[in-house]
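Next come the chains, spelled out residue by residue.
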Amino acid sequence: MPSVCFIQRCDEKFTMRKKQILLLKVGVVVWLCAVYALFIHKPASTSVQISQSINQQLDKLEEELNGQLQFYNGLLEKLRILGHQQDINGGSDAVADSQGGQRPSSGSPLYNGPVLPVLLIACNRESAVRRSLDLLLKYRPSQDRFPIIVSQDCGHRPTREAIESYGDKIILIQQPDLSDIDVPLKERKFKGYFLIARHYRWALNQLFQKFNHEAVIIVEDDLDVAPDFFEYFSATYPILQSDPTLWCVSAWNDNGKANLVDVKNGTSILYRTDFFPGLGWMMTKELWDELGVKWPRSYWDDWVRAPEQRADRACIRPEVSRTRTFGKKGVSNGLFYEKHLKQIHLNDAYVPFSKMNLTYLLKEQYDPVFEQQVQSSQVVSIIDIKSDRLTKGNTYRLIYHTKDNFKKMTKALGLMDDFKAGVPRTGYKGVITFFYGGLRIFLSPSNNWKGYNPSWS
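What counts as what
Residues numbered from 1 in each chain as written. Predicted model: local features only at pLDDT ≥ 70, side-chain atom pairs only at ≥ 80, totals over all residues. Heavy atoms only, no water. Helix = DSSP H or I, 4+ residues; strand = E, 2+ residues; numbered from the N terminus. Buried < 20%, exposed > 50% of the residue type's maximum accessible area, 1.4 Å probe, protein only. Contact = heavy atoms within 4.5 Å. 1 Å grid on protein atoms, 1.4 Å probe; cavity = no way out; pocket = protein on both sides within 12 Å on 5 of 7 lines; lining within 4 Å. Points joined across faces, edges and corners; volume = space filled by probe spheres on them. Nonpolar A, V, L, I, M, F, W, Y, C, P; charged D, E, K, R; others polar. Pairing = 2+ DSSP bridges. Axes fitted to C-alpha atoms, helices over the stretch in contact; angles between N-to-C directions. Salt bridge = Lys/Arg side-chain N within 4 Å of Asp/Glu carboxyl O. Arc of directions from axis to C-beta. Disulfide = S-S within 2.5 Å.

Even after reading the chapter, I still don't get the overall build of the chain, so can you show me in this structure?
Looking only at helices and strands, the chain features twelve helices and 18 strands. Looking at the chain residue by residue over its 457 residues, the buried ones come to 46%. In the chain, of all internal contacts separated by at least 6 residues, the share reaching a separation of at least 24 is 75%.

Written out as structure tokens, the structure is:
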């Protein structure tokens, strides 16, 4: 009804405007006739000049009045269309959220493509959530396409007030269960991981069941994002949808230090990885329907990496990270922060991924090319790589045979050396791809590799 009333008011204003224009026309004609009568007895040459001037003014006036009529006709038609679309979407641009607030409708009349909400997980870090939200809002191209939903746990009032200060630019939902959580005695010091898992489960249920979104981009309140963060996820979403061997897209490269990636020429390079990276990642409702029913009580990210959940599926990840964590303080107590996480290079150039053909990331296209690149690369040693005598721009293969052998090589090169469920960080088919001193290197298992060994964790 609001839209119908709005259109009726516009119709009334439009009718009044037409009457005003008509009266103006009549008035001008009467005035011009009076002027013509006053000068009817002037010399012929003067009368002709006056007549020509009057005709020119009438033509100009008629042209202007017709232009105004066309403008108001077009405006009224747009308003009628908008009212019709609002009626289709339920007569409102807002849908109540679970806390009684408002969120933008996913059926925006201005945008008909996929809606990819950003779910920001927050708790009690007021300054961190401000920093995260400021960057997300700075680079967000559209509120309709990328609604930002902040889910807060902990009940920390200063953090809640900081979030609320952003007004209708974001949506705030609050995890209602703030009760204490039962934790085994030997894991008391890891209680935070139990609370986070509970929060994730509630928040993702809200996104997919309450808000009925088809996918979500998940970030935590300690991440900086790159200028093309939204572009990256928008362009990779169709690939994630179309390939059942993919189960996530991540903005993060675990080995994304500036000296391990091609900062100059590699900003548009994307890879498949068997390792779940997290730290700014996208999942679909279909995956949540699979994982949500068996979601763990704690350590959700390690649980996701287990073979039972991964099921031989891969994620997409970038050469140069589109996120960077500044969260030294958290439940992990800064694990890996100084040595690795702090040094991750955040992309600072905008890459128009949506204008690129990313189908090379589909498994049937990616695997043959990837395997050919690895097999055709010259086999070298650590000494060769560090000697600076190899030709820049070529690809090289460094082969490991055992877990200890792998760890020795990764430590020598500054790569992360740990495994989760037997999978090394950024690994694909056991291969770590990185850039070192101008060389593209594949840290690769031997050709008789039989798959990941969970005992290597």
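Additional details are given in the paragraphs that follow.
Help me understand empty space enclosed by the protein, please; the structure alone is not making it clear to me.
By rolling a water-sized probe across the atoms, one finds the places where empty space is left. A complete count under the given rule lists one cavity of 30 Å³ or more for this structure. By volume, the largest cavity amounts to about 40 Å³. Around the largest cavity, the lining residues are W247, C248, F276, W281, L287, L291, V304 and C315. Of all the secondary-structure elements, those providing two or more residues to the lining of the largest cavity are β8 (246-250) and α7 (285-291). A class-by-class count of the residues in the lining of the largest cavity yields eight nonpolar, no polar and no charged.

Is there a simple way to think about the sheet that holds strand β10 (residues 281-284) in this case?
The strands making up a sheet associate through hydrogen bonds between their backbones, and the pairing can be parallel or antiparallel. Read across the open sheet, the eight strands follow the order β5-β4-β3-β6-β10-β8-β11-β9; overall the sheet is mixed. Here the strands that pair on one side only, and so sit at the sheet edges, are β5 (171-174) and β9 (270-273). Direction aside, the axes of adjacent strands within the sheet are offset by 25° on average. When β9 meets strand β11 (residues 314-318), the two strands line up antiparallel, connected through four bridges. Its bridge partner being in β11, L270 is matched across the sheet by P318. In this fold helix α6 (residues 229-242) packs onto β3 (118-122), β6 (215-220), β8, β9, β10 and β11, with an angle of close to 170° to the strand it touches most, β8.

Which parts of the structure should I look at to understand the pattern of salt bridges?
Opposite charge on two side chains allows them to pair when their charged atoms are near. If you walk through the whole model with that rule in mind, you get 25 salt bridges. Between D222 and R125 there is a salt bridge, with the nearest N and O atoms lying 3.6 Å from each other. In this pair, D222 sits in the loop between β6 and β7 (223-225) while R125 sits in the loop between β3 and α3 (126-139), placing the two residues 97 residues apart along the sequence. A relative accessible area of 9% places D222 in the buried class. When its relative accessible area of 23% is taken as the criterion, R125 is described as partly exposed. Linked by salt bridges that have partners in common, R125, D221 and D222 make up one network.

Honestly, the sheet that holds strand β13 (residues 378-379) in this entry has me stumped. Any pointers?
With mixed pairing, the four strands of this open sheet are ordered in space as β13-β14-β18-β17. Of all the strands in the sheet, the pair left with one neighbour each is β13 and β17 (432-436). In this structure, β13 lies alongside strand β14 (residues 395-400), joined through two bridges in parallel fashion. Pairing of Q378 across the sheet is with Y396, part of β14.

Would you mind going over helix α12 (residues 403-413) with me for this structure?
Buried within α12 are the following residues: F406, M409, T410 and L413. Seen from one end, α12 has its buried residues packed into an arc of 95°, which puts them on one side. Residues D404, K408 and K411 are exposed on α12 and point more than 90 degrees away from its buried face. Those residues of α12 that are buried lie in contact with α11 (382-387), β14, β15 (419-420), β16 (423-424), β17 and β18 (439-445).

Explain the state of the cysteines here, please?
Defined simply, a disulfide is a covalent bond joining two cysteines at their sulfur atoms. A complete count under the given rule lists two disulfides for this structure. There is a disulfide in this structure between C123 and C154, and the S-S distance comes to 1.5 Å. Here C123 and C154 share a disulfide; its torsion about the S-S bond, -80°, makes the bridge left-handed. You can see C123 sitting in the loop between β3 and α3 and its partner C154 sitting in the loop between β4 (148-152) and α4 (157-164), a full 31 residues away along the chain. Here C154 falls in the partly exposed class, since its relative accessible area comes to 38%. The disulfide bridge from C248 ends at C315, spanning 2.1 Å between sulfur atoms. Around the S-S axis, the bridge from C248 to C315 shows a dihedral of about 120° and counts as right-handed.

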